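Structure at a glance
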Amino acid sequence: MLMQNNRYDNTVAIRVGGKEHRDWEAYSIDSDFLIPADAFDLTVGLHYGSTEIPDLSGESCEVLINDTVVMTGIIDNQSDNKSKGSRSLRLTGRDLASLLVDCSAPQLNVKGMKVSEAAKKLVEPWPQIQTVELRAEKDDTLDKIDIEPGETVWAALTHIANSVGLHTWFTPDGILVVGGADYSSEPVATLCWSRNDKRRNVQQVTIDRGIENRYSEVTFLGQSHAKLGDSSKHDLKWVYHDPTMTLHKPKTVVISDAENLAALQKQAKKQLADWRLEGFTLNITVGDHKTDGGILWEPGQRVHVIDEEEGIDAIFFLMGRRFGLSRTGGTVTELRLKEDGVWTPDAYQ
């Protein structure tokens, strides 16, 4: 059996029914604000001739690193592979968002509800989701938002959150959050890429830049609700110009359920922020699953990055991370960093 890198001293376990299973030979544990359901993949070699393995598919579980819960979810699949002289077990699953991604939303009229109240109502049928938390300065009151028949719970939640400039995600311990980033928190680490600086603590850096969803001009139109005897019409308009975009790329976006110009602008700013996020990603691979201060990497942290070759010396927002162990790559954490202060800009003043 391949042993984990003792230099990093990490213990990875999955807890099912109060019992912990450890000593995984390979694993991938992913978490990202922009991915609807975080996923895990754990593999271990077993002694040939091992006794029967219970069916764990469909079981609730917790994934832990060094006794700290990094994901609460469901085991989707179990693969028990046997061949002459060898046997292995593989478990894959997702966090509690998987229930909401897979299932259709109950028909619900959320008009007049607070955002947090509407979220609680939508997830009420699932006992695994015990807590819904608002992480924003205001718990806005919703106007009419249509939940279409067959629409998933996650799509309905996203629609509700985006209508007030917020986002939805699950914390490692299984709390459903509707909110945004806290850009007032202190950076948890400094990552340095340099040929000469002795502080270099990065294995690999990849910078992705793109203009697929960048536009020179975006016209947002708000579709008002029909009054009695009238039909819906586009009577709200807000135009955004990007002075940094030299190509002529105009776009028109229709936003439904915008009752006034302020509501239209809030949803428009959320869309513009999401597009801007897509245009730049700083991917950094480091050894271990912890910062130099011993803190496990987690989406939502802020990180100071220095890259002398690129002229970078700034704070970035950790949008996602993947803990990994493999025979070839050893123990690593892949960090997906975005511009600081861009995502969910209206959650906090």
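Rules behind the numbers
Residues numbered from 1 in each chain as written. Predicted model: local features only at pLDDT ≥ 70, side-chain atom pairs only at ≥ 80, totals over all residues. Heavy atoms only, no water. Helix = DSSP H or I, 4+ residues; strand = E, 2+ residues; numbered from the N terminus. Buried < 20%, exposed > 50% of the residue type's maximum accessible area, 1.4 Å probe, protein only. Core = buried A, V, L, I, M, F, W, Y, C linked by side-chain atoms within 4.5 Å. Pairing = 2+ DSSP bridges. Axes fitted to C-alpha atoms, helices over the stretch in contact; angles between N-to-C directions. Contact = heavy atoms within 4.5 Å. Phe/Tyr/Trp six-rings, centres within 6.5 Å; stacked < 30°, edge-to-face > 60°. Lys NZ or Arg CZ within 6 Å of the ring centre and 35° of its normal. Salt bridge = Lys/Arg side-chain N within 4 Å of Asp/Glu carboxyl O. Parallel < 35°, antiparallel > 145°, perpendicular 65-115°, else oblique. Nonpolar A, V, L, I, M, F, W, Y, C, P; charged D, E, K, R; others polar.

**A look at unusual backbone geometry**
Here the phi dihedral of Asp23 falls at roughly 60 degrees; this positive angle occurs in a residue that is not glycine. Mapped onto the secondary structure, Asp23 falls in the loop between strand 2 (19-21) and strand 3 (26-32). Despite not being glycine, Thr344 shows a phi value in the positive range, around 40 degrees. Mapping Thr344 onto the fold places it in the segment after strand 19 (330-339). Given the relative accessible area of 1%, Thr344 is considered buried.

**Observations concerning the nonpolar core**
Ranked by internal contacts, the top residues of the largest apolar core, which has 38 residues, are Ile14, Ile29, Phe40 and Trp297. At 5 residues, the largest contribution of residues to this core is made by strand 18 (residues 312-326). Counting 33 residues, the second-largest nonpolar core is a separate cluster that includes Ala37, Val132, Ile160 and Leu176.

**Thoughts on the pairing of strand 17 (residues 302-307)**
A large share of strand 17 lies buried, amounting to 6 of its 6 residues. By the alternation rule, side chains of strand 17 split into Arg302, His304 and Ile306 and Val303, Val305 and Asp307, which are all buried. By the bridge criterion, 6 bridges tie strand 17 to strand 18 in an arrangement that is antiparallel. Pairing of Val303 across the sheet is with Phe316, part of strand 18. Following strand 17, the chain reverses through 4 residues before pairing antiparallel with strand 18; Gly311 in that reversal takes a positive phi of roughly 70 degrees.

**What about the sheet that holds strand 8 (residues 132-135)?**
Strand order across the open sheet formed by 3 strands is 8-10-9, with mixed pairing between neighbours. Among the strands making up the open sheet, the edge pair consists of strand 8 and strand 9 (167-170). Sheet twist, expressed as the average angle between the axes of neighbouring strands with direction ignored, equals 25 degrees. Along the sheet, helix 3 (residues 153-163) makes contact with strand 9 and strand 10 (176-179), crossing strand 9 at roughly 135 degrees.

**Quick word on the packing of aromatic side chains**
Per the counting criterion, the structure on display carries 10 aromatic pairs. On the basis of an interplanar angle of 25 degrees and a centroid distance of 4.8 Å, the ring pair of Phe33 and Trp343 is categorised as stacked. In this pair, Phe33 sits in the loop between strand 3 and strand 4 (39-46) while Trp343 sits in the segment after strand 19, placing the two residues 310 residues apart along the sequence. We note that Phe33, like Trp343, is buried. When the centroid spacing of 5.9 Å and the interplanar angle of 50 degrees are considered together, the rings of Trp169 and Trp343 count as tilted. With Trp169 in strand 9 and Trp343 in the segment after strand 19, the pair connects residues that are 174 residues apart, well separated along the chain. Each member of the pair, Trp169 as well as Trp343, is classed as buried. Sitting over the ring of Trp193, Arg200 keeps its end group 4.0 Å from the ring centre.

**Digging into the pattern of salt bridges**
Taken as a whole and assessed by the stated rule, the structure comprises 22 salt bridges. A salt bridge links Arg94 to Asp102, with the shortest nitrogen-to-oxygen separation between them at 2.7 Å. Between Glu339 and Arg276 there is a salt bridge, with its nearest N and O atoms 2.8 Å apart. Taken together, the positions of Glu339 in strand 19 and Arg276 in helix 4 (residues 261-278) put the pair 63 residues apart, joining distant regions of the chain. In the salt-bridge network here, residues are joined through shared partners; they are Arg15, Glu20, Arg22, Glu62 and Asp67.

**Some remarks on the packing of helix 2 (residues 115-123) against helix 3**
It is the contact of helix 2 with helix 3, at a shortest axis distance of 10 Å, that shows an interaxial angle of 175 degrees. With respect to their mutual orientation, helix 2 and helix 3 come out roughly antiparallel. Here helix 2 contributes Val115, Ala118, Ala119, Leu122 and Val123 to the contact with helix 3, which in turn contributes Val153, Ala156, Leu157 and Ile160. Within the contact of helix 2 with helix 3, the residues separate by chemical class into 9 nonpolar, no polar and no charged.

**Examining the pairing of strand 18**
Sheet faces and side chains relate simply in a regular strand, where the side chains alternate between the two faces. Among the 15 residues that make up strand 18, 11 are buried, leaving the element largely enclosed by the rest of the structure. In this structure, strand 3 lies alongside strand 18, joined through 6 bridges in antiparallel fashion. Within strand 18, the position partnered with Tyr27 by the bridge is Leu325. Summarising the sheet, strand 18 and strand 19 pair through 10 bridges and their orientation is antiparallel. Following the sheet pairing, Phe316 is matched in strand 19 by Glu339. Taken together, strand 18 and the strand that follows it, strand 19, pair antiparallel across an intervening segment of 3 residues.

**Observations regarding helix 3**
Those residues of helix 3 that sit buried are Val153, Trp154, Ala156, Leu157, Ile160, Ala161 and Ser163. Packing partners of the buried residues in helix 3 comprise helix 1 (97-102), helix 2, strand 9, strand 10 and helix 4. Looking one or two residues beyond helix 3, the residue adopting positive phi is Gly165, at roughly 75 degrees.

Spatial relationships are all this shows, so hold off on functional conclusions.
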